[in-house]
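What follows is the residue order along each chain.
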Amino acid sequence: TTGNTDRHHITDPPDFPGARSPRCPFDPPTQQADWRRARGLREVRLTNGRTAWAVTRYDDVKKILSDPRISADGRRYPQLMNSDRTEQPQAFPRMDDPEHARIRLTLTGEFTVKRVETMRPHVRSVVDRFLSELVEAGQPADLVHHFAQPIPSTVISLLLGVPYGDRAFFQTRSATLQFTGASPEDKKTAHRELFQYLVGLVERKETEPGDDLISRLMKERVATGEFTAREVAMNSLVILHAGHDTTANLIALGTLALLRNPQQADRIRETDDPRVVARAVEELLRYLSISQDLVFRVATEDLVIGGQLVREGQMLTVSVPSANRDTVFEAADTLDVGRDTRGHLAFGYGVHQCLGQSLARVELQEALPALLRRLPDLRLAVPLQDVRFRHDTATYGVYVLPVAW
Ligand code: HEM
């Protein structure tokens, strides 16, 4: 173990998440793999300057994310919030059960496997449309701008009933919330603007309802007094924000990983079995584990985790990328789209496990094979060294991905 925080440090704790190897940009930050092998927790400095315990082992991550003594409550522990949002309703990912469960349960019906499957034909047509736009853009084209970003934005906008034409507005604000280097004031402003936008939209839906999630919540939950319109706006903000950047990053980074591993790409391109595609997508989720600076908790009492004493009120930062490379997966650092990935933690674990995972899966299962089939000669249009990776955002990915075909 590494001692406890009562000890005075001679050196500053290392920065989290830390640098990745330029040779293998898909691997977790190098120091995290070292910590995982050394076992125990590591005291680290977060991007916002706070200290936290980094949890890098698979078993420890599962324990923490399922332990009721570990909290995600942002009102009780403001250190979990990256800016002051006290003037808005609390977002449910930053609540503990039973309060969290009460809100989450009103939304789970929208995201069941069955429900999301009914959206698959629509997702497929959205993918086709942006594939055509990518081709029309001409070579080289930026796959992030023309393909990876617009697909989840369109799908989530349609699900919520957000006019697609407003996406520039919410994308710039979302980018500020994602960027770990943005100041708390900028984050607060971005969050407030997004929230106000959604309050306005929710009010419009009250008089002009559509066939969308916000209208359904207004009818089923606000009319009954269960939610206020401001709470509906906050839930919508959570879904809008969580639902497009994550998936966009995985589409783009997944494409790059497949371009670097052509045999794996062939297995996806050449199959007509949706189960093979589904398996491949799970492996990309595991291998790329984009949630690099996103999963935070606080200990509500003194407890020992991985042999380390964690004191009440201390923060924990969960490394999904590292946990998914632990020895529970054989040859974990190898991308193998045929492998059994059961138990991977790419969508988290426990009560906060990703609400939108079925939707993310359908988007990825539709986007990646369609891209590989439509453009069989797809290739990176610049050297790998010139690709700018997103080291400084909550989810990992690439800023721009110039491709040719
Ligand atoms: C939670 C990853 C796509 C909505 C989470 C968590 C992870 C995650 C790791 C757990 C956070 C924690 O425990 O603190 C991902 C990845 C995605 C993805 C890798 C895409 C590849 C989506 C989509 C939506 C969504 C498409 C919505 C449509 C949410 C919500 C939560 C969440 C609402 C909070 C759940 C709660 O606290 O109960 N996601 N996500 N995600 N995700 Fe996703």
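Nothing here was measured: the structure is a model prediction, and the numbers come from that model.

1. Examining the confidence of the model for the protein chain
Chain-level statistics for the protein chain give a pLDDT mean of 93 and a share of 98% at 70 or above. Listed scores for the predicted complex are pTM 0.95 and ipTM 0.99.

2. Quick look at the sheet that holds strand β3 (residues 70–71)
The five strands lie next to each other as β1-β2-β8-β5-β3, forming an open sheet whose pairing is mixed. Looking at the sheet topology across the chains shown, the edges are occupied by β1 (42–45) and β3. Of the strand pairs in this sheet, β1 and strand β2 (residues 51–55) are connected by four bridges, and their pairing is antiparallel. Note on β2: the bridge partner recorded for arginine 45 is threonine 51.

3. Brief notes about the environment of threonine 255
Tracing the sequence through the fold places threonine 255 in helix α11 (residues 229–260). Between the C-alpha atoms of threonine 255 and glutamate 87, which are 168 residues apart in sequence, the distance is 40 Å. Not counting chain neighbours up to four residues away, the residues in contact with threonine 255 comprise Leu143, Leu371 and Leu401.

4. Description of helix α7 (residues 150–160)
Counting buried positions along α7 gives ten out of eleven residues, so the element sits mostly inside the fold. Residues Pro150, Ile151, Pro152, Ser153, Thr154, Val155, Ile156, Ser157, Leu159 and Leu160 constitute the buried set of α7. Those residues of α7 hidden inside the fold are in contact with α5 (120–137), α6 (143–148), α8 (167–178), α10 (213–222), α11 and α15 (357–374). One or two positions beyond α7, positive phi appears at glycine 161, with a value near 90°.

5. Details of the nonpolar core
Core analysis: the biggest nonpolar cluster contains 105 residues, and Ala252 and Leu316 have the highest contact counts within it. Broken down by element, this core gets its largest block of residues, 16 residues, from α11. With residues up to four places along the chain from it excluded, the contact list for alanine 252 reads Leu143, Val144, Ala148, Gly397, Val398 and Leu401.

6. Side note on helix α13 (residues 274–288)
Taking 1.5 Å of rise per residue, 15 residues should cover 21 Å, and α13 covers 21 Å from first to last C-alpha, within 8% of that figure. Contact partners of the buried residues in α13: α11, α12 (262–270) and α15.

7. Brief notes about the site of the ligand
Taken together, the neighbourhood of the ligand is formed by 24 residues, with Pro93, Gly243, Gly348, Cys354 and Gly356 sitting nearest. Taken together, the elements giving at least two residues each to the shell around the ligand come down to α11 and α15. Among the elements that line the shell around the ligand, the one with the most residues is α11, at seven residues. Here the shell around the ligand is composed, by residue class, of 16 nonpolar, seven polar and one charged.

8. Structural notes on the pairing of β2
The side chains of a regular strand alternate between both faces of the sheet. The element β2 is largely enclosed, with a buried count of four among its five residues. The antiparallel pairing of β1 with β2 creates a hairpin that spans five residues between the two strands, and glycine 49 there sits at a positive phi of about 95°. As paired elements, β2 and strand β8 (residues 315–318) share three bridges and run parallel to each other. Bridge assignment links valine 55 to a residue of β8, and that residue is valine 318.

9. Some points on the sheet that holds strand β9 (residues 379–380)
On the basis of which strands lie adjacent, the open sheet formed by three strands has the order β4-β10-β9 and antiparallel pairing. Strands at the two margins of the open sheet, each flanked by one partner only, are β4 (141–142) and β9. As paired strands, β9 and strand β10 (residues 402–404) are joined by two bridges and run antiparallel to one another. Of the residues in β10, the one forming a bridge with leucine 380 is valine 403.

10. Structural notes on the pairing of strand β5 (residues 295–299)
Extensive coverage of β5 is indicated by the burial of five of its five residues. On β5, burial covers both faces: Val295, Arg297 and Ala299 on one face and Phe296 and Val298 on the other are all buried. Bridge count for β3 against β5 is two bridges, and the pairing is antiparallel. Within the sheet, the bridge partner assigned to serine 71 lies in β5 and is valine 298. In this structure, β5 lies alongside β8, joined through four bridges in antiparallel fashion. Residue valine 298 lies in a different strand from β8, and its bridge partner there is methionine 315.

11. Let's talk about the packing of α10 against α11
Direction vectors running N to C along α10 and α11 enclose 145°, while the axes themselves pass 10 Å from each other. Note on packing geometry: the crossing formed by α10 with α11 is right-handed. Along the contact surface, α10 presents Ile214, Leu217, Met218, Arg221 and Val222, while α11 presents Ala229, Val232, Asn235 and Ser236. Considering only residue class, the contact of α10 with α11 consists of six nonpolar, two polar and one charged.

12. Digging into unusual backbone geometry
The omega torsion across aspartate 97 and proline 98 is 5°, close enough to zero to call that bond cis. Along the chain, proline 98 falls in the loop between β3 and α3 (99–108). A cis amide bond links glutamine 139 to the next residue, proline 140, at an omega of -10°. Its location among the elements puts proline 140 in the loop between α5 and β4.

What counts and how
- Residues numbered from 1 in each chain as written.
- Predicted model: local features only at pLDDT ≥ 70, side-chain atom pairs only at ≥ 80, totals over all residues.
- pLDDT = per-residue confidence, 0-100.
- Pairing = 2+ DSSP bridges.
- Helix = DSSP H or I, 4+ residues; strand = E, 2+ residues; numbered from the N terminus.
- Contact = placed C-beta atoms within 7 Å.
- Buried ≥ 20, exposed ≤ 12 C-beta atoms within 10 Å, placed from the backbone.
- Core = buried A, V, L, I, M, F, W, Y, C linked by C-beta atoms within 7 Å.
- Expected span 1.5 Å × (residues − 1).
- Near = placed C-beta within 6 Å.
- Nonpolar A, V, L, I, M, F, W, Y, C, P; charged D, E, K, R; others polar.
- Axes fitted to C-alpha atoms, helices over the stretch in contact; angles between N-to-C directions.
- Left-handed = near helix turned anticlockwise from the far one by under 90°.

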